[in-house]
Amino acid sequence: MSGELRIALIGAGGVNFGGAEGPWDHASRLEQVGGVVVVGVADPDTKRAQRVLAARRAGPAGAMYASAAAFADFHEMLSAVRPEAVFIGVPPHAHGATQPPGDMELACAAAGVHMFLEKPLGSVPPEELAPVAEALAKAAEAGLVISVGYVFRYSRAVETMQRILDEAGGGVRAVIARYDCAYSEIRKTEWWDVRTSGGPIVEQATHFVDLSRLLGGEAELDSVQAVRIDPHSPAAELADMPVLTDGTRGDQTVPAEFRAPRTTAAVWRFESGAVGSLTHGTLLHGQKYESELEIWGDGLRMVLADPYGDCRLMVRRPHSERTETIPFGDDDPYLSEVQAFIHAVRSGDASGIRSPYADALRTYELTWAIRRASEGKCRH
Ligand SMILES: NC(=O)c1ccc[n+]([C@@H]2O[C@H](COP(=O)([O-])OP(=O)(O)OC[C@H]3O[C@@H](n4cnc5c(N)ncnc54)[C@H](O)[C@@H]3O)[C@@H](O)[C@H]2O)c1
């Protein structure tokens with residue numbers, strides 16, 4: 001493949017174009033990678049698509065967007081501008097379907113368009129994703145690059161954890177994941193309703209569930225146990241609920257059984273015999289999340305702290321009582337994952353993609369096993 005790569009973006013929101021919520025913004029990383037042109041942005045909110053395009057054209061990489069058009073419908077965009085690759089950054093319920101309008105993966109695969117797809121894979125139970133997963137497996141076998149946005153797989157801190165585990169040799173004995181999100185500025189109606197978001201384990205803690213699998217190996221799904229704060233419990237009351245974009249406050253319009261749980265605590269066993277745990281909260285005020293992933297091995301303890309911000313790794317090695325802190329605040333895994341995707345598309349070599357669809361599906365299954373266990377349902 002030569003010349004500038006023709007990229008389109010599906011979704012004109014935060015993950016593709018940035019915002020106050022966090023460090024993500026795929027368009028800015030594409031600007032850094034270079035050698036690409038943006039040919040289209042699809043979003044039913046066409047005003048938003050036009051707004052982000054106008055802002056980018058006025059910015060330092062304006063030329064990259066010079067010929068880009070805004071579309072309400074991604075099907076129309078695919079046939080009008082024929083991108084070589086797309087970035088899919090839409091809410092969980094808006095993709096992963098077999099029928100329009102949520103059939104973006106299948107439509108891109110049918111058109112031979114490489115995909116960078118944001119997590120989670122959808123909002124429906126994993127069994128319902130089977131037709132999409134099968135079609136994408138065939139497309140990947142035929143050479144289509146499909147990369148899922150489990151960004152921390154590209155983090156230098158996580159690479160360091162993997163190297164230390166290899167050096168220490170004894171394997172992982174426990175994974176302890178903690179993820180507490182700041183809720184008081186989450187203004188998206190759909191986030192508060194598990195029918196559209198999938199719930200905070202599927203939508204958000206999924207990053208740490210994925211890292212648990214990366215570092216600890218596969219989990220035995222039947223071993224998963226979980227509890228959550230019952231939506232009818234006084235402990236589900238939150239004092240600083242935001243006013244949402246539709247003018248309502250928090251999840252007052254969502255039936256209680258579909259409200260995003262305030263806290264979920266889960267445990268499971270890995271196939272290796274090691275144990276895993278995850279506690280997720282929707283409890284903090286403001287915008288900054290607090291998250292930590294702790295790994296225990298024989299003589300080994302590692303804590304990955306604040307991977308979204310001032311990322312640090314604390315390591316206590318075998319036969320030592322000293323804890324070393326390694327800073328990674330200058331690392332940008334969002335850039336690394338975009339570089340890896342663009343390289344794979346250009347070269348036809350997908351070996352640098354760290355989260356192919358089939359692997360991401362296993363993370364999706366584990367998040368759903370946790371969600372179902374916390375709701376008192378068995379897995380099947
Ligand atoms: N990997 C990460 O660190 C990370 C960070 C943020 C968000 N995300 C994920 O990215 C996804 C999108 O999140 P966001 O923050 O950008 O949400 P957002 O609400 O800011 O933007 C989503 C956009 O998608 C648009 N959309 C809805 N249906 C569409 C369709 N059929 N075609 C085209 N556009 C459509 C919406 O109108 C909206 O503008 C979510 O799944 C989220 O979990 C991942």
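What you see is a predicted model; the values in this text were computed from it and never measured. (Residues numbered from 1 in each chain as written. Predicted model: local features only at pLDDT ≥ 70, side-chain atom pairs only at ≥ 80, totals over all residues. Heavy atoms only, no water.)

1. Regarding the packing of helix H2 (residues 26-33) against helix H11 (residues 333-347)
Going by this rule: Note on definitions: angles span 0 to 180 degrees between N-to-C directions of axes, and those axes are lines fitted to C-alpha atoms, for helices only across the stretch in contact. Starting at the N terminus, helices and strands are each numbered in turn, a helix being any DSSP run of H or I of at least four residues and a strand any DSSP run of E of at least two. For any helix crossing, the convention is left-handed if the near helix is rotated counterclockwise from the far helix by under a right angle, and right-handed if that rotation is clockwise. Here a residue-residue contact requires only that any non-hydrogen atoms of the pair lie within 4.5 Å. Residues are grouped as follows: Ala, Val, Leu, Ile, Met, Phe, Trp, Tyr, Cys and Pro are nonpolar; Asp, Glu, Lys and Arg are charged; all remaining types, including Gly, are polar.
Viewed as axis vectors pointing N to C, H2 and H11 meet at an angle of 65 degrees, and their least axial separation amounts to 9 Å. When the axes of H2 and H11 are compared, the crossing they make is right-handed. Residues His-26, Arg-29, Leu-30, Gln-32 and Val-33 of H2 touch H11, and the partners they reach there are Tyr-334, Leu-335, Glu-337, Val-338, Gln-339 and Ile-342. Split by residue class, the contact of H2 with H11 holds six nonpolar, three polar and two charged.

2. Re the pairing of strand S14 (residues 323-327)
Filter applied, for reference: Being paired, for any two strands, means DSSP has found at least two bridges between them.
With five bridges connecting them, strand S13 (residues 312-316) and S14 associate as antiparallel partners. Residue pairing for S14: Met-314 is matched across the bridge by Thr-325.

3. Quick word on the site of the ligand
Rule in force here: Nearness is defined per residue: one heavy atom within 4 Å of the molecule or strand is enough. Think of a polar contact as two N or O atoms within 3.5 Å of one another; within protein, one of them needs to be a possible hydrogen donor and the other a possible acceptor, and neighboring residues in sequence only count if both atoms come from side chains. Domain boundaries shown here were taken from an automatic or database domain assignment.
Around the ligand lies a shell of 24 residues, among which Val-15, Asp-43, Lys-119, Glu-203 and Tyr-334 are the nearest. Taking Val-90, its main chain carries an N or O atom lying 3.4 Å from an oxygen atom of the ligand. Its residues assigned to classes, the shell around the ligand comprises twelve nonpolar, six polar and six charged. Residues lining the shell around the ligand come from more than one domain, with at least three contributed by each of domain 1 (5-151 + 336-355) and domain 2 (153-331 + 363-374).

4. Re the pattern of salt bridges
What counts here: The working definition used for a salt bridge is a side-chain nitrogen of Lys or Arg within 4 Å of a carboxyl oxygen of Asp or Glu. The classification of residues rests on relative accessible area computed with a 1.4 Å probe and restricted to protein chains. Under 20% of the type maximum is buried, over 50% is exposed, and intermediate values are partly exposed.
Under the criterion given, the structure shown has 26 salt bridges. We note a salt bridge from Arg-213 to Asp-359, for which the minimum N-O separation is 3.1 Å. Here Asp-359 lies in helix H12 (residues 357-374) and Arg-213 lies in helix H10 (residues 206-216), a separation of 146 residues in the sequence. Residue classification places Arg-213 among the buried residues on the basis of a relative accessible area of 6%. In this structure Asp-359 comes out as partly exposed when scored by relative accessible area, which is 23%. Its salt-bridge partner being Arg-301, residue Glu-294 comes within 3.1 Å of it at the nearest N-O pair. Using a relative accessible area of 6% as the deciding quantity, one classes Glu-294 as buried.

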